[in-house]
Amino acid sequence: MQKCKAVTYENHGAPDEVLHVSEIDLPVPGPGEALVRMHAAPINPVDLNVIEGKYPVRPTLPAIAGNEGVGIVDAVGANVTDLAADTPVLVPTEFGSWREAGVIAAEKLIPIPCDIPLEQAAMLKINPPTAWRMLHDFVTLQRGDWILQNAANSAVGRAVIQIAKISGWRTVNVVRRDELIDELQEEGADVVLLESDDLPAQIKDATEGAKIPLAFNAVGGESALRLANALAPGGTIVTYGAMGRQPLRIPNGLLIFKDLRWRGFWVTQWYRTASHEDIHSMFKHLCPLVARGNLHSKIEQFYAIDDALAAVKHAQQSRRTGKILLRLHG
Ligand SMILES: NC(=O)c1ccc[n+]([C@@H]2O[C@H](COP(=O)([O-])OP(=O)(O)OC[C@H]3O[C@@H](n4cnc5c(N)ncnc54)[C@H](OP(=O)(O)O)[C@@H]3O)[C@@H](O)[C@H]2O)c1
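Residues numbered from 1 in each chain as written. Predicted model: local features only at pLDDT ≥ 70, side-chain atom pairs only at ≥ 80, totals over all residues. Heavy atoms only, no water.

Undergrad: Whenever I open this one, the side chain of threonine 8 confuses me. Can you help?
TA: Relative to the assigned elements, threonine 8 resides in strand β1 (residues 2–9). Given a relative accessible area of 7%, threonine 8 falls into the buried group. A distance of 2.5 Å separates polar atoms of two side chains, one belonging to threonine 8 and the other to serine 22. If sequence neighbours within four positions are ignored, threonine 8 has contacts with Val18, Leu19, His20, Ser22, Ile24, Ala63 and Ile64. (Helix = DSSP H or I, 4+ residues; strand = E, 2+ residues; numbered from the N terminus. Buried < 20%, exposed > 50% of the residue type's maximum accessible area, 1.4 Å probe, protein only. Polar contact = N/O pair within 3.5 Å; in protein donor to acceptor, adjacent residues only side chain to side chain. Contact = heavy atoms within 4.5 Å.)

So, in structure tokens, the structure goes:
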């Protein structure tokens, strides 16, 4: 049997202690299956949480790391009629994307158009859909409406900025480093502010007191509370990440007197319940944006699969300028 390399782990724990690069078997695709040669996969916060065993979804061990990535169909088994060799595809979470190649049920692959740069496609399954769904599924926004978000320089945050810009919505973006202000404005951010105690007053000034209906929180703790304080009565705050690892504290008054809606979003759950049509319809919107360069995720560095441990260490550093990716093709 053919072999290829993969980044694997036998036990949950600190990624630099449990991960290693192994040789795995590469079977011939059976009926209904496809052999995918991987091109690239990013290292996202979720990947590290899963390896640590701190995520609600735990793979069967031993496991191959990585939750998203892009590959090219190399061959298909019998009965696969709607997927041809050479098609670029997004792989499903359970595939374990940090590998050179693998065999998977063809129906679980998401084909994407060939005009998308593959390194951008590698980051298309998790973060841009999270931004897209949060912008479309909670509040019906009108052109010119304002949206607030923290961790605005994250991959999700940048996708929110870019999608909002082309949709005619305005964004107030909160970051914790002033060197990001110009950069995010160039990406389409209307307002970029630094985390500080008087943030709600600064947001009021910057938006001329606009009634802000929607906020996205990826940090938690005081940062989330500042966003909530800047929302209009009846506004919605969607929590999708907890980078600051501090719990949300919800003052009674924000419920009683402002009737804020505290919601959560998990893209994994969205994929579980979405129909085939819903998923394909979302990518029909997202793919042309990527192809035209309207939606673009920043990359800080590529690593070879043999250097996966160094790549993971790099991805764990704060103050990055973009994603760390594994280059998986030979
Ligand atoms: N719920 C869902 O379905 C879903 C989907 C996608 C992502 N997420 C979550 O969304 C978050 C962002 O993911 P991503 O891939 O977009 O991230 P990313 O590109 O890796 O960026 C990480 C961001 O978190 C910020 N950050 C890190 N530690 C922080 C702390 N202690 N306090 C405040 N900010 C901190 C970083 O700021 P600096 O640059 O200043 O270090 C950066 O803006 C993660 O929590 C991820 O798990 C959730």
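Undergrad: Mind showing me how you'd approach the site of the ligand here?
TA: Close to the ligand lie 25 residues; Asn153, Arg176, Arg177, Val267 and Lys323 are nearest. For the ligand, an oxygen atom lies 2.9 Å from a polar atom in the backbone of valine 156. Between a nitrogen atom of the ligand and a main-chain N or O atom of tyrosine 240, the distance comes to 2.9 Å. Here the ligand, which alone exposes 930 Å², has 86% of that area covered by the protein. When contributions to the shell around the ligand are tallied by element, the ones reaching two or more residues are α4 (127–137) and α5 (155–167). Among the residues making up the shell around the ligand, the classes are represented as 12 nonpolar, 8 polar and 5 charged. Shared between two domains, the shell around the ligand takes at least three residues from each, and those domains are domain 1 (2–123 + 297–327) and domain 2 (128–268). (Near = heavy atom within 4 Å. Areas by Shrake-Rupley, 256 points an atom, 1.4 Å probe, with all protein chains shown as cover. Nonpolar A, V, L, I, M, F, W, Y, C, P; charged D, E, K, R; others polar. Domains from an automatic or database assignment.)

Undergrad: Explain the sheet that holds strand β2 (residues 20–26) here, please?
TA: What holds strands together in a sheet is hydrogen bonding between their backbones, with the strands either parallel or antiparallel. Taken together, the 3 strands give an open sheet; going across it, the order is β2-β1-β4, and neighbouring strands pair in antiparallel fashion. Of all the strands in the sheet, just β2 and β4 (63–64) have a single pairing partner and so form its edges. (Pairing = 2+ DSSP bridges.)

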